[in-house]
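# An overview of the molecular structure
Residue-level listing of the chains:
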Amino acid sequence: MSAATLPALIQRFFTDRLCTQMEASRHTVAGYRDTFRLLIRYASARCGKPPVRLAVEDIDAELVADFLVHGEAARGNCARSRNTRLAAIRSFFRYVAMADPTWMLQCQRILAMPNKRYVRRTVTFLDAG
């Protein structure tokens, strides 16, 4: 089995997995697209490579963790946005682990990353008042 390139895996993830198998809504696809646009831009800047030269091994757990911190610090994202982006990245690496098992260990490390805890607001408009 030949190792698939990162661009090929991303394309297959969006076309085969999200659109065909999961029949994801256009809003989900747009959210995942935005996450990967930001992640690829961040990875490209950090690795010093153009986006088309990035490989699966460039996007490791350390880079993903730094990307999520960058989203909170530089972009002002809250914990919920961070967790949503992490969910999109996890979904992709779950797909990568099944599509190309040579990346299983790297995928496992990313899949083990925890969500960030946040305080849930109470719903008060449903209270009898």
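Details of the structure are given in the entry above.
Residues numbered from 1 in each chain as written. Predicted model: local features only at pLDDT ≥ 70, side-chain atom pairs only at ≥ 80, totals over all residues. Heavy atoms only, no water.

### Some words on helix α5 (residues 104-111)
If you check which residues of α5 are buried, you get Gln106, Cys107 and Ile110. Angular distribution of buried residues about the axis of α5 spans 100°; they occupy a single face of the element. Exposed and oriented more than 90 degrees from the buried face of α5 are Gln108 and Arg109. Next to the buried residues of α5 lie α3 (61-73) and α4 (79-99). (Buried < 20%, exposed > 50% of the residue type's maximum accessible area, 1.4 Å probe, protein only. Helix = DSSP H or I, 4+ residues; strand = E, 2+ residues; numbered from the N terminus. Arc of directions from axis to C-beta. Contact = heavy atoms within 4.5 Å.)

### Some words on the pattern of salt bridges
Enumeration over the complete set of coordinates arrives at 7 salt bridges. Arg46 is the partner of Glu62 in a salt bridge, and the nearest nitrogen-oxygen pair spans 3.3 Å. With a gap of 16 residues between them, Glu62 in helix α3 and Arg46 in helix α2 (residues 26-47) connect regions that are remote in the sequence. Assessed through its relative accessible area of 36%, Arg46 is described here as partly exposed. Linking Glu72 and Arg82 is a salt bridge whose minimum nitrogen-to-oxygen distance equals 4.0 Å. Here the residue Glu72 occupies a position in helix α3, and Arg82 occupies one in helix α4, the gap between them amounting to 10 residues. Using a relative accessible area of 14% as the deciding quantity, one classes Arg82 as buried. The structure contains a network of salt bridges with shared partners spanning Arg33, Asp34 and Arg37. (Salt bridge = Lys/Arg side-chain N within 4 Å of Asp/Glu carboxyl O.)

### Notes on the packing of aromatic side chains
Summed over all chains, the structure comprises 9 aromatic pairs. Note on Phe13 and Phe14: the rings are 5.5 Å apart at their centroids and 80° apart in plane angle, and the pair reads as edge-to-face. A single burial state applies to Phe13 and to Phe14, both of which are buried. Taken together, a centroid distance of 6.2 Å and an interplanar angle of 15° make the contact between Phe13 and Tyr32 stacked. Of the two residues, Phe13 sits in helix α1 (residues 6-21) while Tyr32 sits in helix α2, which places them 19 residues apart along the sequence. For Phe13, a relative accessible area of 0% puts it in the buried group. Residue Tyr32 is classed as buried on the basis of its relative accessible area of 15%. (Phe/Tyr/Trp six-rings, centres within 6.5 Å; stacked < 30°, edge-to-face > 60°.)

### Observations regarding unusual backbone geometry
For Glu23, which is not a glycine, the phi torsion comes out positive at approximately 50°. Mapped onto the fold, Glu23 is located in the loop between α1 and α2. A residue is classified by how much of its surface remains accessible, and Glu23, at 65% relative accessible area, is exposed.

### Re the packing of α2 against α3
Interhelical geometry of α2 versus α3 gives an angle of 110° and a closest axis separation of 10 Å. In terms of orientation, α2 and α3 fall into the roughly perpendicular class. Crossing handedness for the pair α2 and α3: right-handed. In this structure, α2 uses Thr35, Leu38, Leu39, Tyr42, Ala43, Arg46 and Cys47 to contact α3, whose residues at the interface are Glu62, Leu63, Asp66, Phe67 and His70. Split into classes, the residues belonging to the contact of α2 with α3 amount to 7 nonpolar, 2 polar and 3 charged. (Axes fitted to C-alpha atoms, helices over the stretch in contact; angles between N-to-C directions. Parallel < 35°, antiparallel > 145°, perpendicular 65-115°, else oblique. Left-handed = near helix turned anticlockwise from the far one by under 90°. Nonpolar A, V, L, I, M, F, W, Y, C, P; charged D, E, K, R; others polar.)

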